[in-house]
Each structure stands twice: as structure tokens, then as C-alpha cells.
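# Examining the three-dimensional arrangement
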Amino acid sequence: MPAFVIVGAQWGDEGKGKATDLLAEHIEYVVKFNGGNNAGHTVVIGNEKYALHLLPSGILTPGVIPVISNGVVIDLHVLFEELDALNARGIDTSKLRISANAHVITPYHISLDKTAERFLGKRAIGTTGRGIGPTYADKINRIGIRIQDLFDESILRQKVEAALVQKNQLLSKVYNRAAIRAEEIVAELLSYTDRLQPYVADTALELHQAIEAGKNVLFEGGQATMLDVDHGTYPFVTSSNATAGGAATGSGIGPGLFQNVIGIVKAYTTRVGAGPFPTELFDEWGELLRKTGHEYGTTTGRPRRCGWYDAPIARYSARINGLTDFVLTKLDVLTGIKEIPVCVAYEVDGKRVEEVPVSQSDFHHAIPIYENFPGWDEDITGCRTFEELPKNAQDYVRALEKMSNCRISAIGVGPARDATIVLHDMLG
Ligand code: GDP
Ligand code: IMO
Ligand code: MG
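Remember, predicted model here, so these are calculated numbers, not experimental data. All residue numbers refer to position in the chain's written sequence, counted from 1. Labels follow written order: the first chain is A, the first ligand is 1, and so on. Per-residue local features of the predicted model are confined to residues with pLDDT of at least 70, and side-chain atom pairs are confined, for both listing and counting, to 80 or more; whole-chain, interface and lining totals are unaffected and use all residues. In computing side-chain values, all of the structure's heavy atoms are included and hydrogens and water are not.

## Digging into the site of ligand 1
Put simply, the rule is: Only heavy atoms are used to decide nearness, and a residue is near a molecule or strand if one of them lies within 4 Å of it. Polar contacts here mean pairs of N or O atoms no more than 3.5 Å apart (in protein, one a potential hydrogen donor and the other a potential acceptor; neighbouring residues in sequence count only if both atoms are side-chain atoms). Only the protein chains shown count as cover for residues, and the accessible areas themselves come from Shrake-Rupley with a 1.4 Å probe. The helix and strand labels rest on DSSP assignments: H or I over at least four residues marks a helix, E over at least two residues marks a strand, and numbering proceeds from the N terminus. The residue classification treats Ala, Val, Leu, Ile, Met, Phe, Trp, Tyr, Cys and Pro as nonpolar and Asp, Glu, Lys and Arg as charged. All others, Gly included, are polar.
Lining the immediate environment of ligand 1, one finds 18 residues, of which Lys16, Gly17, Gly40, Thr42 and Asp332 sit closest. Separating an oxygen atom of ligand 1 from a backbone N or O atom of Glu14 is a distance of 3.1 Å. The separation between a nitrogen atom of ligand 1 and a polar side-chain atom of Asp332 is 2.7 Å. Considering ligand 1 on its own, with 590 Å² of exposed area, one finds that the protein chains cover 93% of that surface. Mapped onto the shell around ligand 1, the elements with two or more residues apiece are α1 (16-23) and β3 (41-45). Broken down by element, the shell around ligand 1 gets its largest block of residues, three residues, from α1. Its residues placed into classes, the shell around ligand 1 shows two nonpolar, nine polar and seven charged.

## Here's the deal with the packing of aromatic side chains
Selection rule: Working definition: a ring pair exists when centres of Phe, Tyr or Trp rings (six-membered ring for Trp) sit within 6.5 Å. Plane angles under 30 degrees give stacked, over 60 give edge-to-face, the rest tilted. Note on classification: 1.4 Å probe, protein chains only; a residue is buried when its accessible area is under 20% of the maximum for its type, exposed when over 50%, partly exposed between these limits.
With the rule as written, the count across this model stands at nine aromatic pairs. Arranged with centres 5.3 Å apart and planes meeting at 45°, the rings of Trp11 and Phe277 form a pair that is tilted. Residue Trp11 is found in the loop between β1 (3-8) and α1, and its partner Phe277 is found in the loop between β12 (269-271) and α10 (284-292); the two are separated by 266 residues along the sequence. Across the pair, exposure class does not vary: Trp11 and Phe277 are buried alike. Pairing Phe33 with Phe219 gives two aromatic rings, centres 6.4 Å apart and planes at 55°, and the pair type is tilted. With Phe33 in the loop between β2 (29-32) and β3 and Phe219 in strand β10 (residues 217-220), this pair connects stretches of sequence that are 186 residues apart. In this structure Phe219 comes out as buried when scored by relative accessible area, which is 0%.

## Let's talk about the site of ligand 2
Heads up, the rule is: Here the bounds of each domain stem from an automatic or database domain assignment.
The environment of ligand 2 is made up of 20 residues, and the closest members are Lys16, His41, Thr128, Gln223 and Thr238. Residue His41 places a side-chain N or O atom 2.7 Å away from an oxygen atom belonging to ligand 2. Within the side chain of Thr128, one N or O atom sits 2.6 Å away from an oxygen atom of ligand 2. Starting from 550 Å² of accessible surface for ligand 2 in isolation, the protein chains cover 98%. In terms of residue class, the shell around ligand 2 is built from six nonpolar, eleven polar and three charged. Taken domain by domain, the makeup of the shell around ligand 2 includes at least three residues from each of domain 1 (3-93 + 202-422) and domain 2 (103-196).

The values are spatial; any link to function lies outside them.
As C-alpha cells, then:
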């Protein structure tokens, strides 16, 4: 059963791109199964830095077949821009497979995303403005446009017209915006078909055959557990299932075929956009984490909100995803902090609560209960074994592991691929 899943265990940007890159040399297929170009996954290879948005990070590894499966929403303009940029840097992207069932982000989805946010005012979610929510909404409302629709002009025209009937009413009468002409959308979408054709496939079938043949398939999640539309901090979430179950529905691979589920977790916590965040820091410590960790969005450039490690969230992620392994990233960022607070539980209405509360209001009001751990001053970026880490760093990692209910199998001590301490084989 050689299918493996990588998911974000917090609110995104944990280092999923780097973890994928680390494992990719043992992998034949890397699948993006959810989200779209709201993601920003950074991979550093030697002196080169890549930011992947719509494409899975595994595309950078020679020999790996990258797959965009049915659960993804695709902005075709972004797709070809990203492919062109990689080609210009000498990356071969010719093996890419794209599901015929994936949904297409159109200009009206982007326009509705931005307008809806403005109308939400102070209740805005802080979306990436890439049209993600409206595209998934159309999918669920059964008025979405799929990749396969682009290859039948008459069907495409009918579908775009049907999708625009209601939207043009909304845009012109509620949002006071110009109506969108179906013909313009159809023409734009048709302009991509020749380039798109060679990539389009029945990816569920191809992936199934690959797994049957004993090939290793890695599913690279976008976003994260706390941004999952079902299990995250709703409504301050994205519109897809970013948890491990999403890898099954988002690709057409049965859950029984997944072997390891790897959660990527930072040694502290960050979040972009609005929504509850119990350990958020508003003082100089938050500023220190942001500066030292370069916590600025890969997609939007927004400064990320920063806070201490939240063990109830890690435990929650371990449970919701059925994690077999954690990759703990950015331990190096904590170097030099004398005492490192870790949230071990919350106080809600005067009571100690060990788990993430199911009530959104309780989570909003949860006050972190901290335990302090002694820090270290030594530069750890050169450490490649656990034993080389200073004793206090070892104790910090072991304490997090104990609190987070899942073994830590790798530790990130820098952005580069080799700046990693591997403790257990995650593909075994
Ligand atoms: P993703 O969206 O989960 O792939 O994460 P991002 O790429 O958005 O953000 C993670 C950032 O941290 C990137 O700039 C990575 O290069 C960087 N990074 C990943 N792991 C480590 C690590 O262990 N240490 C340090 N210092 N940086 C890391
Ligand atoms: P990666 O894969 C961090 C956040 C947005 C916003 C919310 C909804 O790089 O970890 P959306 O545009 O998806 O409708 O926005 O989700 N968000 C992310 N935050 N990392 C991401 O991706 C994110 N993708 C979406 O900031 O709060
Ligand atoms: Mg990111």
C-alpha cells in the first residue's frame, strides 16, 4: 500500500513544500489533491529557491510524475504562467497529469471572491483573493466548469451561461458591478485547450494503477488541518478538505491504500488571514518569530501572525488526520530564546480544557495555559543528528512529541533540503 500523505498540522505554511522535496527522491508520483493557487510552497535546492502555488512541489524532482487531481481548483492562466516560469529555469514539466474532473477557476470566481470579502467588512476571512471559495461553491452547487468541459465548446458555452445567470444578477444588482459576458469567458477558456490537452488524464485510474504496480505515490496537501472546511476554525477556513481524508476524495484513491500520514508542524505557530489563534503574540516575541522565521506569505506577501507552539492543536491534528509521523520544522528559529513557552492546554470559562473545544466561541475565548522550557543559544543549523542538538533543544523536541500524541520523525533546522535531522523512515 505505497500511498503516503503530507498534511499541514496547523494553519498552513508549516514547510510542506520542503518535506515533499525531502521525500520526493523515493517517490514516483506526487499528487496535489486540494486547494489551488492559494497555496505557496517554498522549496530551496542549493542556491535556488522555488515558490510553487498550483503545481505540486514534487515537480522539481527529476523523474517524479506530478499530478493535479480532481479535488484541486485550477486557474489556467496561473497554471501556464507557473509552467513557463519553471521551464525557463530548466525544470522539465512535460510529465504533468491533470484530472479531467478538476474544476476551473474563472475570472468571475476571482471577482466574486474579492467582492464578497469587501462586503463582509470586518467579518472578512482574509482570503487570498484567488477565487478558491466561489469555485468550490459552484462545484457543490453543481454549476462548476470542469477541465473536461473545455473540450466541448457547445457544452462549455451552456455551462458558462448557466453559471452566469445568477452571478450577473448578484454582481450588477447587489454588488453594483458590471455584468460578465459569457462569450468572453468561453473565449478565454478555449484559448488554453491546445496547451492543456496533452496533460489531461483519468488521474484516478492512473494513480490506482501506479499503486497496484507497487509505485510510491505521495499526496501533498495544501493549506492545513485548522483551515479545513469541516475540521478547521470555520468560517475562517479555506473551502476544501485539507485533512488526510481529502487525499482520498480529492484523488479517487480508496482510504485503505494509504500507509503513512505525515503531519508537518512548526516548532511555533503562524496563521495568515482572520480567525481565532489562542497563542498569538502581539508583543516583541511575535515580532521576533516573524523576523527570524521570515514569516511573510509566499502567496500574498502578508505578514504572518505568530505565536507559541500549541500542543492541543498538534494533538487534534494527529487525531483528525490519523497521523503516523510529525515533521517538526523551523526549530532553528527558536535559537536564542531563554525560556520557550508551550501551550499545553486552554482555560475556557475558568476551566482547564485539554482538547481543542468543538464550540467556535469557546475556541475564540480559549486562554492558553503555558509551560516554559529552557532554550539554547548554540547555532543548530549545522546539526544533522539528534545527538548533535543541544540538550535543551532535545528536551524541547521530546516534550513536544509527548504532548502531541505522535512520533516526531524529522526535524527541520533550516530551509535547505539537507538542513534536516531524520529520526525515522517515514516511507517504511
Ligand atoms: P508550506 O506552505 O507548508 O510549504 O510552507 P511555506 O513554504 O509557505 O513556508 C515555510 C517557510 O519556511 C519557507 O520559506 C521554507 O523555506 C521555510 N522552512 C521550511 N522548513 C524550515 C526549517 O526547518 N527552518 C527554517 N529556518 N526555515 C524552514
Ligand atoms: P499553504 O498550502 C496559509 C488562508 C487564507 C485565508 C483562508 C481562506 O501555503 O499552507 P482562501 O483563499 O483559501 O479562500 O483563504 O485560508 N490560506 C492559507 N494560509 N497557507 C496556505 O496555503 C493558505 N491557503 C489559504 O489566508 O485565511
Ligand atoms: Mg505556504
